[in-house]
Amino acid sequence: MIKRSKRQLGLAVTSMLAATMVLSACGQANKAADNSPAANNTAASNSTNTGEKGNTAADTSTEVKLKMVLLGAKPADYDQVFAEINKNLKEKINATVEAEFLAWSDWSQKYPLKFAANEDFDIIYTSNWAQYTDQATKGGFLELTDDLLSQYAPQTWAAMPKVKWDQARINDKIYMIPSNKANEFTDKLVLIRDDLREKYGLEPVNSPETYAAYLKAVAKNEKGITPYGLESAETNNHNLDKQLLVQKNNWKEFAGIPFTVKTDDAKAQVFNMYETPEFDQLLTYYKDLADNGGWSRNALTSKSSTTDDFKAGKLASMSHNVTALGGVMADALKAHPDWKLALADLSPDSKKSAAISTQNGMAIHATSKKAERALMALDLFQNDKQLHDLVMYGIAGTNYTPEGDDKFSKTDKFANYNSFSNWSWTSTLDRVDTNYPQAAQEIEKQWAGKVFNYELESFVFDKTKVVNEVANVGNVMTRYLAPLEYGLIKDLDKGKADLIKQMKAAGSDKIQAELQSQIDAFLAK
Amino acid sequence: MSERRHRFWHDVVKYRTLLLMLAPAVLLFFLFSYIPMSGIVIAFKRFDYVGGVFGSPWVGLDNFKFFFESGDAWRVTRNTVLYNLGFIILGNLLPMITAILLFEVGGKWFRKLTQSMLFLPYFISWVVVGSIAYNFFSYEVGTINGLLTWIGMDPIDIYNTPAYWPVILLVVNTWKTLGYGTVMYLAAITSIDKEMYEAAEMDGANVFQRILHVTVPNLYPTLIILVLLAIGNIFQGDFGMFYNMIGNNGLLFSSTDVIDTFVFRLLIGSNEIGMSAAAGVYQSVLGFVTILLANYAVRKYDKERALF
C-alpha cells in the first residue's frame with residue numbers, strides 16, 4: 001500500500017519537489033545576480049590598478065587556496081597527484097588548489113546550480129557543449145580582458161594563437177582560457193577490420209561505395225559478426241549521416257535539428273538536409289545496406305556497447321572521431337594481435353573542420369575574489385612543463401611513463417588519474433601516447449592540411465525562442481527519420497513524405513526562419 | 001455553537017492517543033505533498049535560476065503549448081490510459097485468483113514457496129527486465145526467434161512491429177507485479193472470519209460455492225480501494241517500464257508511447273523545468289478528476305465502500 005501511494009506522487013509532485021529543493025538555492029540566486037556585476041567591476045579595477053603600477057608580477061605574498069570545479073569522476077589517485085601539484089604550485093605562486101568533481105551522470109543539472117547558488121569557487125571547466133554561452137550571457141563567468149590575460153597569464157597569452165581567442169568571444173568578450181591543442185577534429189570516420197576486407201579480396205575502403213561492399217561482404221560471409229554497430233541507439237538520425245551527408249557535402253552541422261548551411265555559401269542559406277537530392281540518394285544507399293544485413297534489424301533497440309562489441313569481435317565496423325577510434329584501435333590490437341584494423345575516411349576529398357577552441361576551456365567564476373591567482377594557476381597548468389605533465393598525466397612512473405620530452409606510455413594506473421575533464425589544459429606541451437596507432441596519427445596529419453576555417457565556424461544557435469519547435473521536431477525525427485534511415489520502412493517515398501509532413505507540422509519552418517535570422521545577424525557583425 | 005466546540009475539544013482529549021499516532025503521517029503529507037504543491041506555479045512560468053520558483057516571469061499557458069502543438073497529445077494520453085486500464089484489470093484479477101487458489105490449495109510449505117517465487121520478479125529493476133526482454137525478442141540473437149527457426153518457422157521481427165507490444169507489455173507487467181498483488185489479497189483472505197467458512201460448510205457449500213459466496217464478497221473492499229487508488233494514477237505511465245522496454249525505438253511509438261516517455265524525450269535536451277511541470281500538472285488534474293468521478297460512482301453504488 002505504501003508503495004502504491006508513493007507511486008501516486010508521480011511526475012507532477014516529483015518535479016515540484018525538485019523545485020522546492022532548488023528553492024533554497026534560488027533564494028541566494030538573487031544575490032548572485034546582484035553580486036556578479038559588482039565583482040566584475042572590482043576585478044577589472046584591480047587589474048587596472050596593478051596595471052598602472054607597471055607590469056610587475058602580481059602580489060603573491062599571501063597564500064591562497066583556489067577552488068576548482070571539474071567534470072568527470074574523482075580520480076582514485078586524487079590525493080597523491082594533487083598533493084604533488086600543490087607542492088609545486090605553492091612554490092611557484094604561493095597557492096594551492098582543491099578540486100570538486102561533477103560526475104558525468106548529472107553534471108548538467110549540478111553545473112548551473114553552482115552559479116545559481118553562488119557557491120564559493122574560483123575556477124570552473126566549461127565548453128561549447130558545457131553551457132559556456134549560457135553561463136557567460138547570464139553573468140556567471142568573469143570577463144577576461146586583454147589586460148588581465150597578458151598580466152596574469154602571460155605564457156598563455158603568448159602561446160595561444162589569436163584565432164583561438166577570437167573563437168572564444170561572446171559578444172566580443174572572452175570568458176575562458178581555451179585549450180591550446182594544435183588540431184582536434186570533430187569529423188568522423190569509420191574503423192574496419194582490414195583482415196576481413198583482405199580475406200574477401202575487396203578494394204581498400206575510402207568511399208561510401210567501397211564501405212558498402214565491405215559491410216555486405218561481412219554480412220554475407222561472417223556468421224556471428226554484425227557489420228556495422230551504432231555509436232548510440234539514443235539518436236534521432238542515422239549515425240552515418242554526419243559522414244555521408246554533412247561531411248561529404250561540406251555542410252555545417254547543427255546538432256539536433258534537421259537544418260544546415262553549406263560552409264562555402266557566402267550568403268549562408270539555411271536548408272533542411274532531409275529535403276535534398278543528396279538525402280534521397282543516401283536513403284537508397286541505406287536501404288540497400290539494411291536489406292543486405294548491414295546492421296542489426298534491432299539497431300534502434302540495441303542494448304550493448306558498440307566499443308566492447310567491436311573489441312570482442314562481434315562487430316566488423318564502427319564510426320566515431322579519430323581520437324576515439326584511435327583509442328579503440330589500440331585496445332583491440334592489444335587484445336587481438338592477429339587482427340588488422342584500418343581507419344577509413346569515407347569522404348577523403350572533403351574539407352575538414354577542426355574543433356573550435358571552445359571545445360574545452362577553463363573559466364573564472366564571476367564572484368571569485370582570487371581571480372588573479374586563479375589565472376596564474378591556469379597559466380601554469382597549460383604552459384609550465386612540470387605542472388602540465390602532472391595535471392595531464394598524473395605522477396611520472398606511477399600513472400604514466402614519460403618517454404623523452406613529448407611521448408608517454410600508459411601504465412596500469414593511468415585510469416586512476418585520467419578520469420576527468422583535464423583536456424582543457426591541452427597545449428603544445430602535450431605528450432603523444434606511444435600506443436596511439438600510427439594510422440590515427442597519419443589521418444590527423446592528412447586532415448591538418450585540409451582544415452577549413454569559415455565565418456560561421458563559431459556560430460552557436462540560440463534555441464530559446466523556438467524551444468517547443470525544436471523539441472517537437474526532434475521527436476518527429478526519432479519517430480520518422482531514424483526508422484526510415486535504418487531501412488525499417490518499406491516504402492521510402494511514403495516514409496520520406498511522412499517525415500517532411502510531420503516536421504512541418506511540428507514547426508520546422510519556424511526553426512528555419514529563426515536560424516536564418518540569427519545567422520544573418522551573426523554575419524552582419 | 002459552544003456546544004459543538006466543546007464537543008470538538010472533548011473528542012480531541014478522548015482520542016488523543018489515536019490523534020498522536022496520526023500526527024506523523026499528517027505532518028509528512030503536509031511537508032511532502034501539500035507544501036510542494038505551491039510549486040505548481042512553475043508550470044506557468046519560464047523558469048530561470050536568477051528568479052527562482054516565485055521570481056521567474058509568468059508565461060501563462062505557454063508551457064502547455066508544446067504538448068498540444070506536437071499533435072501527439074491525444075495519442076500518448078490514449079496509450080497511457082489504455083495501458084493503465086489493462087494493468088488495473090489484469091493486475092487485480094490475476095492476483096485475486098492466485099491468492100484464492102493459494103489459500104485453498106496449499107500446504108503451508110507450498111504456499112510460502114510459491115508466494116516467494118511469484119514475488120521475486122517484483123524486485124528486478126526495469127533496466128534488467130529490459131535487457132532480458134531484448135535477449136528474448138531480438139531478431140538475430142533472440143531466444144524466441146532461435147526456437148522459431150529451430151522448428152522450421154520464419155523468425156518474427158518483434159522490435160519493429162508495434163502490434164505485438166501491447167500484449168508483451170501487459171504480460172511483462174503482470175509477471176512483475178503478480179506476487180505483490182497476491183500477497184495483498186492473501187492478507188485480505190486470511191483476515192476473513194473463519195466462522196463464515198464453517199457456517200458455509202455446515203450448510204453444505206462446496207469449494208466453489210465457498211469461494212464465490214464467502215471469499216470473493218469479502219474481498220470487495222480491498223479490491224475497491226486498490227482500484228480507486230490505481231485510477232488516480234491512470235494518466236501516469238510507468239516510465240521505468242516503458243523507457244527500458246522500448247527505449248528510443250521510434251517505430252514502436254505509435255502503440256507504446258505514454259505521456260511520461262513522450263515528455264521525457266521532448267525535454268531531455270532543453271532543461272525546461274516549466275514544461276515538465278506543465279505535463280505533470282496536466283496528468284495530475286486529469287487524474288484528480290478521474291478519481292473524483294470513480295469515487296462518486298462507488299458512492300452511488302454503495303456508500304460504505306467509497307474512499308471518501
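Residues numbered from 1 in each chain as written. Chains lettered and ligands numbered in written order. Predicted model: local features only at pLDDT ≥ 70, side-chain atom pairs only at ≥ 80, totals over all residues. Heavy atoms only, no water.

- As annotated in an unreviewed UniProt entry, chain B is Sugar ABC transporter permease from Paenibacillus herberti.
- Taken directly from UniProt, the Sequence similarities (unreviewed entry) text for chain B runs: "Belongs to the binding-protein-dependent transport system permease family."
- Listed under Subcellular location (unreviewed entry) in UniProt, the entry text for chain B is "Cell membrane". (UniProt positions renumbered as here; feature names shortened; annotations may be inferred.)

- As named in an unreviewed UniProt entry, chain A is Sugar ABC transporter substrate-binding protein, taken from Paenibacillus herberti.

A few points about the nonpolar core
Residue and element names in this part refer to chain A.
Here is step 1 of the chain: Counting residues in each nonpolar core, the largest one holds 64 residues, and the members touching the most others are M68, L70, I85, F141, I177, F381 and W425.
Here is step 2 of the chain: The residues contacting I85, other than those within four sequence positions of it, are V97, F381, L387, L390, V391 and Y417.
Here is step 3 of the chain: In terms of nonpolar packing, the next biggest core, distinct from the first, is built from 62 residues, L244, F259, A299 and L481 among them. (Core = buried A, V, L, I, M, F, W, Y, C linked by side-chain atoms within 4.5 Å. Buried < 20%, exposed > 50% of the residue type's maximum accessible area, 1.4 Å probe, protein only. Contact = heavy atoms within 4.5 Å.)

Structural notes on the pairing of strand 3 (residues 123-126) of chain A
Residues and elements named next belong to chain A.
Here is step 1 of the chain: Burial of strand 3 is two-sided: the residues I123 and Y125 facing one way and the residues I124 and T126 facing the other way are all buried.
Here is step 2 of the chain: Note: strand 1 (residues 64-71) against strand 3, two bridges, orientation parallel. Counted as the bridge partner of V69 is I124 from strand 3.
Here is step 3 of the chain: When strand 3 meets strand 13 (residues 361-364), the two strands line up antiparallel, connected through four bridges. Within strand 13, the position partnered with I124 by the bridge is A363. (Helix = DSSP H or I, 4+ residues; strand = E, 2+ residues; numbered from the N terminus. Pairing = 2+ DSSP bridges.)

Observations regarding the sheet that holds strand 7 (residues 188-193) of chain A
Residue and element names in this part refer to chain A.
Here is step 1 of the chain: Read from one edge of the open sheet, four strands run 8-11-7-12, paired in mixed fashion. Either end of the sheet is taken by a strand with one partner, and the two such strands are strand 8 (226-229) and strand 12 (341-344). The average undirected angle you get between the axes of adjacent strands in this sheet is 20°.
Here is step 2 of the chain: With five bridges joining them, strand 7 and strand 11 (residues 315-321) adopt antiparallel strand pairing. Note that in strand 11 the partner of V190 across the bridge is S319. (Axes fitted to C-alpha atoms, helices over the stretch in contact; angles between N-to-C directions.)

Description of the side chain of A:D187
Residue and element names in this part refer to chain A.
Here is step 1 of the chain: With respect to the helices and strands, D187 occurs in the loop between strand 6 (176-178) and strand 7.
Here is step 2 of the chain: No salt bridge is formed by the buried D187; its nearest oppositely charged neighbour, K242, is found at 4.2 Å.
Here is step 3 of the chain: When neighbours within four sequence positions are excluded, D187 is seen to be in contact with K242, Q247, N321, V322, K351, K352, S353 and W447. (Lys, Arg positive; Asp, Glu negative; His and termini not counted. Salt bridge = Lys/Arg side-chain N within 4 Å of Asp/Glu carboxyl O.)

What about the environment of A:P258?
All names here are of chain A.
Here is step 1 of the chain: Along the chain, P258 falls in the loop between helix 11 (241-247) and strand 9 (259-260).
Here is step 2 of the chain: Sequence separation between P258 and M477 is 219 residues; the distance between their C-alpha atoms is 8.3 Å.
Here is step 3 of the chain: Aside from chain neighbours lying at most four places away, what touches P258 is F271, N272, M273, Y274, V473, M477 and M503.

What to know about the sheet that holds strand 15 (residues 407-410) of chain A
Residue and element names in this part refer to chain A.
Here is step 1 of the chain: Read across the open sheet, the three strands follow the order 14-15-16; overall the sheet is mixed. Two strands lie at the open edges of the sheet, namely strand 14 (400-403) and strand 16 (432-433), each paired on one side alone.
Here is step 2 of the chain: Here two bridges tie strand 15 to strand 16, and the two strands are oriented parallel to one another. Looking at strand 16, one finds that F408 is bridged to D433.

Considerations on the UniProt feature "domain: DUF3502" (unreviewed entry) in chain A
Here is step 1 of the chain: In the numbering adopted here, UniProt assigns the feature "domain: DUF3502" (unreviewed entry) to residues 458-524 of chain A.
Here is step 2 of the chain: Secondary structure content for residues 458-524 of chain A is 75% helix and 0% strand, and the end C-alpha separation is 14 Å.

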